[in-house]
Every structure is written in C-alpha cells, then in structure tokens.
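Summary of the model geometry
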Amino acid sequence: LASLWHGRRQLDAAKDYDARNRTMADYALRASGLKPRLTDERELKQAFEDAFKEAIGDTPGNKGFEVVGVSICYNYRHVWSDVNQMTDRLMERVELEHQDETTAGLPRGQEVAAQISFEHTTAWDEDGQQEQIAKDRAQAQRWFADDGGDEKLNSTGEAFVVFRHH
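First, a word on scope: everything that follows refers to the structure included in this document.

Cut-offs and rules
Per-chain numbering applies: the sequence of each chain, read as written, is numbered from 1 onward. In view of the model being predicted, local features appear only for residues whose pLDDT reaches at least 70, and side-chain atom pairs are presented and counted only at 80 or more, with totals across whole chains, interfaces and linings using the full set of residues. The side-chain numbers reported here are obtained from all heavy atoms of the structure, hydrogens and water having been left aside. Numbering of helices and strands runs from the N terminus; a helix is a DSSP stretch of H or I covering at least four residues, while a strand is a stretch of E covering at least two. When a residue's accessible area, from a 1.4 Å probe over protein chains only, is under 20% of the maximum for its type it is buried; when over 50% it is exposed; and in between it is partly exposed. It only takes one pair of heavy atoms within 4.5 Å for two residues to be counted as in contact. For the accessible areas, the method is Shrake-Rupley and the probe is 1.4 Å, while residue cover comes only from the protein chains on display. Being paired, for any two strands, means DSSP has found at least two bridges between them. Helix axes are fitted only over the stretch in contact, all axes being lines through C-alpha atoms; the angle between N-to-C directions runs from 0 to 180 degrees. Two rings from Phe, Tyr or Trp (for Trp, the six-membered ring) form a pair when their centres sit within 6.5 Å of each other. Planes less than 30 degrees apart are called stacked, planes more than 60 degrees apart edge-to-face, and all others tilted.

To continue, consider the overall build of the protein chain. Helix and strand counts for the protein chain come out as 5 helices and 3 strands. Counting helices and strands in the order they occur from the N terminus, the protein chain gives α-β-α-β-α-α-α-β. Taking all 166 residues of the protein chain together, 22% fall into the buried category. For the protein chain, the proportion of contacts with a sequence separation of at least 24, taken over those separated by at least 6, is 76%. In the form shown here, the protein chain has an accessible surface area of approximately 12,300 Å², with 52% of it arising from carbon and sulfur atoms.

This is the structure in structure tokens:
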C-alpha cells in the first residue's frame, strides 16, 4: 500500500514540475502566410488543432498534439503613436498607484527623493484619469472588435502557436 501511495506522489510531483517548467513536451511555432483579416484566436486555434490531427492522425499510442494557445502578431503601424501613448499612460498610472507602497517606511530624506523620481508628466486629477482610462479602453476595444470596421487591426499575417505533444 505504501508503494502505491509513493508512486502516486511521484506522479503528482512530475505533473506539478511539468506544469511549472518548460520541457521538451512544450513547443511553439511561428506560422506565416495567414490572411491579415484572420484575427480570431479561437478560430485559429481550432484550425491548427485540425491541421495537427490531419497530419498526425489518431494512431494507437499517439495521443497527438494539444494547441494551448495562439498569439496573433498585429499590424499596428498606422496607430503606433496611439499605442505608445496609451502604454506610457498605463505605466504612469501603475507607478503612481504604487508610489505610496514604494516610499512607505523610508526615512524622510529618502522618501522625498523617491517621490521626486515618481513625478509624473501629466497633471491628471482622479476624474480626468478615469475619463482617459475609459477613452483608452474604448479605443482598444474598437481595434479588436469583430465589428470594428476600418479601425479593426489586421494581423501581420503571422501568429505564434503554442502546443504540447502528449
């Protein structure tokens, strides 16, 4: 009985290790030549799962491949400035939110120095900041919405496919 218990613990430990670490069972590939308007991750994931099944088949002893996820490479050249500004605002908000945590417990002189290093470039009040967050979020949703029309971002025709061989 102790031998069975030990065997089960070893199997659980191996599964835990595999879940936390990359091993030879984890793979990724870069797919190119995709249609730029094909940006539905679920659709791409299913297409690659079907392609793996077709290529490998369901032979005895071959559990096949599982597509873990798809990461689409978006073409955002025409909006790169907007994306960079949104990223800057996001980083600034995160820094300001953590400013008090960062300076807590420092001696007075060091606290002032740390606060000076966190000075932000935009003089937002809380309402203005929330309004900007809402605008940025709405714009990003239009870029990725299925019905985004001309604002919807296309892909570069490339995607990364992460899969696991069982």
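On to the pairing of strand β3 (residues 154-165), then. Note that strand β1 (residues 26-32) and β3 share 7 bridges and pair antiparallel. Opposite Asp-26, over in β3, you have Arg-164 as the bridge partner. With 9 bridges joining them, strand β2 (residues 65-75) and β3 adopt antiparallel strand pairing. Opposite Glu-66, over in β3, you have Arg-164 as the bridge partner.

Along the chain, the position of Arg-77 falls in the loop between β2 and α3 (80-103). Take Arg-77: its relative accessible area is 67%, and that puts it in the exposed class. In the structure, Arg-77 is positioned 76 residues away from Leu-153 in sequence and 9.7 Å away in space, judged by C-alpha atoms.

Attention shifts here to the sheet that holds β3. Spatially, the 3 strands line up as an open sheet ordered β1-β3-β2, and their pairing is antiparallel. Looking at which strands have only one partner, the edges of the open sheet turn out to be β1 and β2. Geometrically, the sheet is characterised by an average inter-axis angle of 20° between neighbouring strands, direction not taken into account. Packed onto the sheet, helix α2 (residues 41-56) meets β1, β2 and β3 and runs at close to 135° relative to β2.

Enumeration over the complete set of coordinates arrives at 3 aromatic pairs. Judged by centre distance (4.8 Å) and plane angle (45°), the ring pair of Phe-52 and Phe-163 falls under tilted. Highlighted residues: Phe-52 in helix α2 and Phe-163 in strand β3, separated in sequence by 111 residues. Each member of the pair, Phe-52 together with Phe-163, is buried. Judged by centre distance (4.9 Å) and plane angle (90°), the ring pair of Tyr-74 and Phe-144 falls under edge-to-face. With Tyr-74 in strand β2 and Phe-144 in helix α5 (residues 126-144), the pair connects residues that are 70 residues apart, well separated along the chain. A relative accessible area of 22% means that Tyr-74 is categorised as partly exposed. Pairwise contacts between aromatic rings join Tyr-27, Phe-52 and Phe-163 into one cluster.

Examined against the element boundaries, Asp-136 turns out to sit in helix α5. Between the C-alpha atoms of Asp-136 and Val-83, which are 53 residues apart in sequence, the distance is 9.2 Å. When sequence neighbours within four positions are dropped, the list of residues in contact with Asp-136 reads Met-86, Arg-89 and Arg-93.

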